[in-house]
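Below, each chain spelled out in residue letters.
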Amino acid sequence: MKYINGGVTAAKGFTASGIHCGIRKNQTKKDLAMIKSENKCSAAAVYTQNKVYGAPITVTRANLADGMAQAVIVNSGNANTCNSDGVQKAEQMCGIAAEALGVDKSDVIVASTGVIGLSLDVTPIAASAPALAGQMNGQGGHDAAEAIMTTDTVAKECAVSFDLGGKTVTLGACCKGSGMIHPNMATMLCFMTTDCRISSAMLQKALSDVVKDTFNMISVDGDTSTNDMVCIMANGQAENPVIEEENEDFALFRSALAEVSVKLSRLIAGDGEGAQRLLECTVSGAPTVETAKNIAKSIICSSLVKTAMFGADANWGRILCAIGYTPGDFAVDCIDVSLSSCKGEVKVCQAGFGIDFSEEKAKEILLEDEIRLTVEMNQGTAAATAWGCDLTYDYVKINGDYRT
């Protein structure tokens, strides 16, 4: 498997672009993106489980009911959520994209991100769609990635190529996510494209499986968004033998999907609002996978652990505390905990009790940009990894006036 450039336009037959259309006041910020395949695609998606969800999810669910799609339209700056005219506006966006791109309205995936509860004015979208469609190209993936950003500080993209059935298959993606990040399905907006030949049913299975161990294992602030969506389109232009069952080709495709999803999950967690450090927590030796996942998420979600990491304070008692309130049947008197980074590793807890360690060395380790928290349960073979970030003063600043 090889990492390549291109994001959502890395795969054959896909074009994309992004522009500023006027939804966002800052004219230097792109706020409208479109992605298109030359032909109809097998398609799949997962959505937020928040009971309050955006109108675009309602419309996209309906459009993907047949497992097919050909284009994506997405805006930033307004979530089109909790509005009485939301579904109408989302359907209008599909119509606008369909006309501009020459595709069927029912084959358009629509998404929005931004402020909740403000009616979306589609006038600038309609006015700018022809120009946006006119500049769609095979190198436009980065512009699309920029257009879906809200409080993100960097555009998030990834693409890989791999051999499948004697053909080179490419899988690319872009996503956004910085705040309101706590998975309950996935968490953020993510758009994936591939030239793999795969049925809609197998595409859905691969996506649903991978989400559980990647996007569902990240958290920035504990808030599950109303607009979370991960979707994927596969146009088949790689001409590999079509994947219609769980065989070796399916396993390889799923592995590539997981590779891209882990990369994007880390990018989102590391770019949490106000964050300075990416946190990776690996729990091993657990009695069950569910227990390992729950413990890893408890630690990553703990505000006290997150603030300790912000202060580069090896306050390992907070990690044990987070483990202790995690649901599940497991022992706590055999747990070991270590902290590490590129500066080395320090063991801070053994068999559930504190041990002597160098505070100076721990501080040096925790001042790095990427910190690993390793928990060895010593009571099984199951393992899981979760990703998050530290909690800083800037998180409060960013969210204190997000709407105004």
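In every chain, residue numbers begin from 1 and rise along the written sequence. Per-residue local features of the predicted model are confined to residues with pLDDT of at least 70, and side-chain atom pairs are confined, for both listing and counting, to 80 or more; whole-chain, interface and lining totals are unaffected and use all residues. Values shown for side chains rest on all heavy atoms present in the structure; no hydrogens or waters enter the calculation.

Draft legend 1. View of the layout of surface pockets. In this analysis a 1.4 Å probe is tested at points of a 1 Å grid over the protein atoms alone, and where it fits but cannot get out there is a cavity; an open set with protein on both sides within 12 Å along at least five of seven lines is a pocket; lining residues have an atom within 4 Å of a point. Grid points are joined across faces, edges and corners, and a volume is the space filled by probe spheres set on the points. Taken as a whole, the largest pocket spans an internal volume of roughly 540 Å³. Helix numbers and strand numbers start at the N terminus; a helix is a DSSP run of H or I with at least 4 residues, a strand a run of E with at least 2. Mapped onto the lining of the largest pocket, the elements with two or more residues apiece are β4 (68–78) and β5 (108–115). Of the residues contributing to the lining of the largest pocket, the split by class is six nonpolar, nine polar and six charged. Residue lining of the second largest pocket: 28 residues in total, with Gly114, Gly179, Met180, Ser225 and Tyr402 positioned closest to the centre. Secondary structure elements with two or more residues in the lining of the second largest pocket: β5 and α11 (393–400). Residues are sorted three ways: Asp, Glu, Lys and Arg are charged, Ala, Val, Leu, Ile, Met, Phe, Trp, Tyr, Cys and Pro are nonpolar, and all the rest, Gly among them, are polar.

Draft legend 2. Broad picture of helix α9 (residues 317–324). Turning to α9, its buried residues number three or more, namely Ile319, Leu320, Ala322 and Ile323. Down the axis of α9, the buried side of the element spans an arc of 160 degrees, and every buried residue falls inside it. Whether two residues are in contact is decided by their heavy atoms: any pair within 4.5 Å suffices. Those residues of α9 that are buried lie in contact with α7 (289–301), α8 (303–310), β11 (336–341), β12 (344–350) and β14 (370–376). Each residue's exposure class comes from its accessible area (1.4 Å probe, protein chains only) as a fraction of the maximum for that residue type: buried when under 20%, exposed when over 50%, partly exposed otherwise. For this quantity, the arc is that covered by the directions from the helix axis to the C-beta atoms.

Draft legend 3. Representation of the pairing of strand β6 (residues 156–164) within the structure. Counting buried positions along β6 gives seven out of nine residues, so the element sits mostly inside the fold. Note on pairing: DSSP must find at least two bridges between two strands before they are called paired. Bridge count between strand β1 (residues 2–3) and β6: two bridges; the pairing is antiparallel. For tyrosine 3, the partnering residue across the bridge sits in β6 and is valine 160. Linking β6 back to strand β7 (residues 167–176) in an antiparallel pair, the connection comprises two residues, with glycine 165 at a positive phi of about 60 degrees.

Draft legend 4. Region of the structure containing the sheet that holds β14. Spatially, six strands are ordered β13-β12-β11-β14-β10-β15 in an open sheet, and the strand pairing comes out mixed. Since the sheet does not close on itself, it has two edges, and those belong to β13 (353–354) and β15 (382–389), each with one partner. One ladder, built from seven bridges, connects strand β10 (residues 278–286) with β14; its direction is parallel. From the neighbouring strand, valine 283 faces β14, where its bridge partner is valine 375.

Draft legend 5. Structural context of the environment of glycine 236. Of note, glycine 236 is situated in the loop between β9 (229–234) and α6 (248–270). Sequence separation of glycine 236 and serine 199 is 37 residues, and the distance between their C-alpha atoms is 9.4 Å. If we skip the residues at most four places from it in the chain, glycine 236 touches Thr194, Asp195, Cys196 and Arg197.

Draft legend 6. Molecular detail of the side chain of aspartate 195. Tracing the sequence through the fold places aspartate 195 in the loop between β8 (189–194) and α5 (200–213). Just so you know, the count uses Lys and Arg for positive and Asp and Glu for negative, and it drops His and the chain ends. The term salt bridge refers to a side-chain nitrogen of Lys or Arg lying within 4 Å of a carboxyl oxygen of Asp or Glu. One buried charge, aspartate 195, has no salt-bridge partner; the nearest side chain with opposite charge is lysine 12, at 5.6 Å. In terms of polar contacts, aspartate 195 uses its side chain to reach the backbone amide nitrogen of lysine 12, at 3.1 Å. When residues no more than four places from it in sequence are discounted, the contact partners of aspartate 195 are Ala11, Lys12, Phe14, Thr168, Val169, Thr170, Asn235, Gly236, Gln237, Ala238, Glu239 and Asn240. Two N or O atoms count as a polar contact when they lie within 3.5 Å, although within protein this holds only if one can serve as hydrogen donor and the other as acceptor, and sequence-adjacent residues are included solely when both atoms are side-chain atoms.

Draft legend 7. Region of interest: the pattern of salt bridges. A full pass over the atoms with the stated rule returns 17 salt bridges. A salt bridge links aspartate 152 to lysine 156, with the nearest nitrogen and oxygen atoms 2.7 Å apart. Residue class for lysine 156 comes out buried when judged on its relative accessible area of 1%. Across the pair arginine 266 and glutamate 370 runs a salt bridge whose closest N-O atoms are separated by 2.9 Å. Within this pair, whereas arginine 266 is found in helix α6, its partner glutamate 370 is found in strand β14, the two being separated by 104 residues in sequence. You can call arginine 266 partly exposed: its relative accessible area is 24%.

Draft legend 8. Region of the structure containing unusual backbone geometry. A positive phi angle, near 45 degrees, is found at asparagine 80, a position not held by glycine. If you trace the backbone, asparagine 80 turns up in the loop between β4 and α2 (86–101). Judged by relative accessible area, which is 1%, asparagine 80 ranks as buried. At alanine 351, a position not held by glycine, the phi torsion is positive, near 55 degrees. Of note, alanine 351 is situated in the loop between β12 and β13. Residue alanine 351 is classed as partly exposed on the basis of its relative accessible area, which comes to 30%.

Draft legend 9. Spotlight on the packing of aromatic side chains. Pairing of aromatic side chains requires ring centres within 6.5 Å, counting the rings of Phe and Tyr and the six-membered ring of Trp. Pairs whose planes differ by under 30 degrees are stacked, by over 60 edge-to-face, and all others tilted. The full count for this structure, using the stated rule, is one aromatic pair. Summarising the aromatic geometry, the rings of phenylalanine 310 and tyrosine 393 are spaced 5.1 Å apart at their centres and angled 85 degrees between planes, so their arrangement reads as edge-to-face. Separated by 83 residues along the polypeptide, phenylalanine 310 in helix α8 and tyrosine 393 in helix α11 bring together distant segments of the chain. In this scheme, the term charge over a ring applies when either NZ of a lysine or CZ of an arginine sits within 6 Å of the ring centre and within 35 degrees of the ring normal. Above the plane of the ring of tyrosine 53 lies arginine 61, whose end atom (NZ or CZ) is 5.4 Å from the centre.

Draft legend 10. Up close: the nonpolar core. In this text, buried Ala, Val, Leu, Ile, Met, Phe, Trp, Tyr and Cys residues form a nonpolar core when linked through side-chain atoms within 4.5 Å. Membership of the largest hydrophobic core comes to 77 residues, with the highest contact counts inside it found for Met192, Phe253 and Ile299. Those residues in contact with phenylalanine 253, other than ones at most four positions away along the chain, are Phe162, Leu164, Thr194, Cys196, Ile198, Leu203, Ala206, Ile232 and Ile243. One finds Ile57, Val74, Cys174 and Met233 within the second-largest nonpolar core, a separate group that totals 27 residues.

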